[in-house]
Amino acid sequence: MLDTHRIRVFRSVMASGSIQAAADNLGYTASAISQQISALQKETGLTLFEREGRGLTPTAAARSLVANTNELMGELSRLDQVVDDLREGRSGRLTIGYFASAGAEWMPTLARRLTTEMPDLTLELVLTEIPEYAGATLDLDIVVDTPGAQDPAGSKRVPLAVDPFVVILPADHPLADEDEVGLAQLAGDTWIRNDLPHTTCSRIFASACESAGFQPRFAVQAQDHITAIAFVKAGVGITSVPQLAARIIPPEVRVLPLTAPTPVRHIAAVVRDPAGNSAARRAVELLQELIG
């Protein structure tokens, strides 16, 4: 079995760019780092570095070894956290998945209230929009309802909120002073895309536009709502986001309700093992209180 300490030292050399830099970063001498690398090469039977001038160049085997130890290092880090929890007497762990706008609006308050009520709880929050975490095992996952979605066996889906879309316009837009805007009134405008095309929110908005008799012309593929709003502020076009994502708005833009039709997303909490996880159940209760 490979020595995990040597793997960590090797990965530091790869990330730092040299033995001396790794020694500085880890607080060791360069000689100690070299000894660890030599031992790892002997242990694996691989040549990991080759001399090039006065330095070392990683081999193809070294680059492959780094790539194939990413998951291992993640698991070891999680194991270290478990050991820390046990040492400090923390008796439970709760992992909550969330998407960006729910994270900004709800997660800080939820985290504070949960950890205040349950000081022995280890709380881990995961942004599931990042592909790396899309398949993570979660005790509680805050999601946008998707038709045909399959929840994990034994889990329970709890409705949390109905989140209508709004339109964000430059302050000098002809409709900026209206109380609300019919979606068809915006058919001729230039649009800023604020999400990836295949996402549930993009499909909800596209379906509403079809119902209003047009397809939006996207001039900018911003693919996140903060950047899209900045383009609106600059007068490049308009955008439509769920209301939850339109809480922090610069004064140069206007936020108006959409009608005829109003695109809407439904937000839910998917709870794994609801009967056996009191922390997850309490998290849902707190979310329901926050959302009202």
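Residue numbers restart at each chain and count upward from 1, following the sequence in its written direction. Restriction of local features to residues with pLDDT of at least 70 applies here, the model being predicted, together with a cutoff of 80 or more for giving and counting side-chain atom pairs; totals for whole chains, interfaces and linings are based on all residues. Each side-chain value is worked out from all heavy atoms of the structure, with water and hydrogens disregarded.

> A description of the overall build of the protein chain should follow, citing residues and the corresponding values.
Here a helix means four or more residues in a row that DSSP labels H or I, a strand means two or more in a row labelled E, and each is numbered from the N terminus. A count of helices and strands for the protein chain gives 10 helices and 12 strands. Computation of the radius of gyration draws on C-alpha atoms, with the globule rule given as 2.2 Å multiplied by the number of residues to the power 0.38. In terms of C-alpha radius of gyration, the protein chain reaches 25 Å, well past the compact-globule figure of 19 Å for 292 residues. Dimensions of the protein chain, computed from the C-alpha atoms along their principal axes, are close to 70 × 50 × 35 Å. The classification of residues rests on relative accessible area computed with a 1.4 Å probe and restricted to protein chains. Under 20% of the type maximum is buried, over 50% is exposed, and intermediate values are partly exposed. Across the 292 residues of the protein chain, 38% fall into the buried class.

> Pulling in residues and values, what's your account of the packing of aromatic side chains?
Classification of ring pairs uses Phe, Tyr and Trp, with its six-membered ring standing for Trp, and accepts pairs whose centres are within 6.5 Å; under 30 degrees between planes counts as stacked, over 60 as edge-to-face, and the remaining range as tilted. Per the stated rule, a full pass over the model turns up two aromatic pairs. On the basis of an interplanar angle of 65 degrees and a centroid distance of 6.1 Å, the ring pair of Phe 10 and Phe 49 is categorised as edge-to-face. With a gap of 39 residues between them, Phe 10 in helix H1 (residues 4-16) and Phe 49 in strand S1 (residues 49-52) connect regions that are remote in the sequence. Look at Phe 10 and you get buried, because its relative accessible area is 0%. The exposure class of Phe 49 is buried, given its relative accessible area of 11%. Look at Trp 191 and Phe 205: their rings are 5.2 Å apart centre to centre, the planes differ by 55 degrees, and that puts the pair in the tilted class. One end of the pair, Trp 191, is in strand S8 (residues 190-193); the other, Phe 205, is in helix H8 (residues 200-211), with 14 residues separating them in the sequence. Here, over-ring charges are defined by two tests on the NZ atom of lysine or the CZ atom of arginine: distance to the ring centre within 6 Å, and angle to the ring normal within 35 degrees. Lying across the ring of Phe 218, Arg 193 places its NZ or CZ 4.0 Å from the centre.

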